[in-house]
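Residues per chain, in single letters:
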Amino acid sequence: MIHIQIGKEPLELFAHRTNKTDTPDRAPNYDNFRDMKELRDSLLRDQKYICAYCMRRISEDDMKIEHFRSQSTHPDLDLDYRNMLAVC
């Protein structure tokens, strides 16, 4: 795994994460985040278009977003930009 210098989180992710709702079923989470392109672009830029695990070159077409600390055991980190990685 490479060391990644995390940049500033995308404004769209910040807005989604800080959006307060009255009902739990509408609470912001990773599954209802809609601006994935901006998030992918930001992660790729931070990682210089290199997979965090194997260090191959990646692009938006052949990457996925993975959570360093799993969403199932750390649901409080599912919208934490510092917990997201671009991987192949």
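As shown above, the structure is provided for reference.
A. Representation of the environment of R56. If you trace the backbone, R56 turns up in the loop between α2 (36–46) and β1 (64–67). The spatial distance from the C-alpha of R56 to the C-alpha of C88 is 7.9 Å, given a sequence separation of 32 residues. Apart from residues no more than four positions distant in its own chain, R56 is found in contact with Y49, I50, C51 and C88.

B. Spatial organisation of the nonpolar core. Among the nonpolar cores identified, the biggest contains 18 residues, and L13, L39, L43, I65 and M84 are the most heavily contacted of them. Looking at which element gives the most residues to this core, the answer is strand β2 (residues 84–87), with four residues. Apart from the residues within four sequence positions on either side, L13 is in contact with F33, L39, L79, Y81 and M84.

C. Region of the structure containing the pattern of salt bridges. Across all of its chains, the model carries four salt bridges by this definition. Here E9 and R17 are joined by a salt bridge, their closest N and O atoms 2.4 Å apart. Residue R17 is classed as partly exposed on the basis of its relative accessible area of 31%. When the shortest N-O distance is used, the salt bridge between E60 and K37 registers 3.2 Å.

D. Summary view of the side chain of H16. The topology assignment puts H16 in helix α1 (residues 11–17). Beyond its immediate sequence surroundings of up to four residues, H16 is in contact with P28, N29, N32, F33 and L79.

About the cut-offs
- Residues numbered from 1 in each chain as written.
- Predicted model: local features only at pLDDT ≥ 70, side-chain atom pairs only at ≥ 80, totals over all residues.
- Heavy atoms only, no water.
- Helix = DSSP H or I, 4+ residues; strand = E, 2+ residues; numbered from the N terminus.
- Contact = heavy atoms within 4.5 Å.
- Core = buried A, V, L, I, M, F, W, Y, C linked by side-chain atoms within 4.5 Å.
- Buried < 20%, exposed > 50% of the residue type's maximum accessible area, 1.4 Å probe, protein only.
- Salt bridge = Lys/Arg side-chain N within 4 Å of Asp/Glu carboxyl O.

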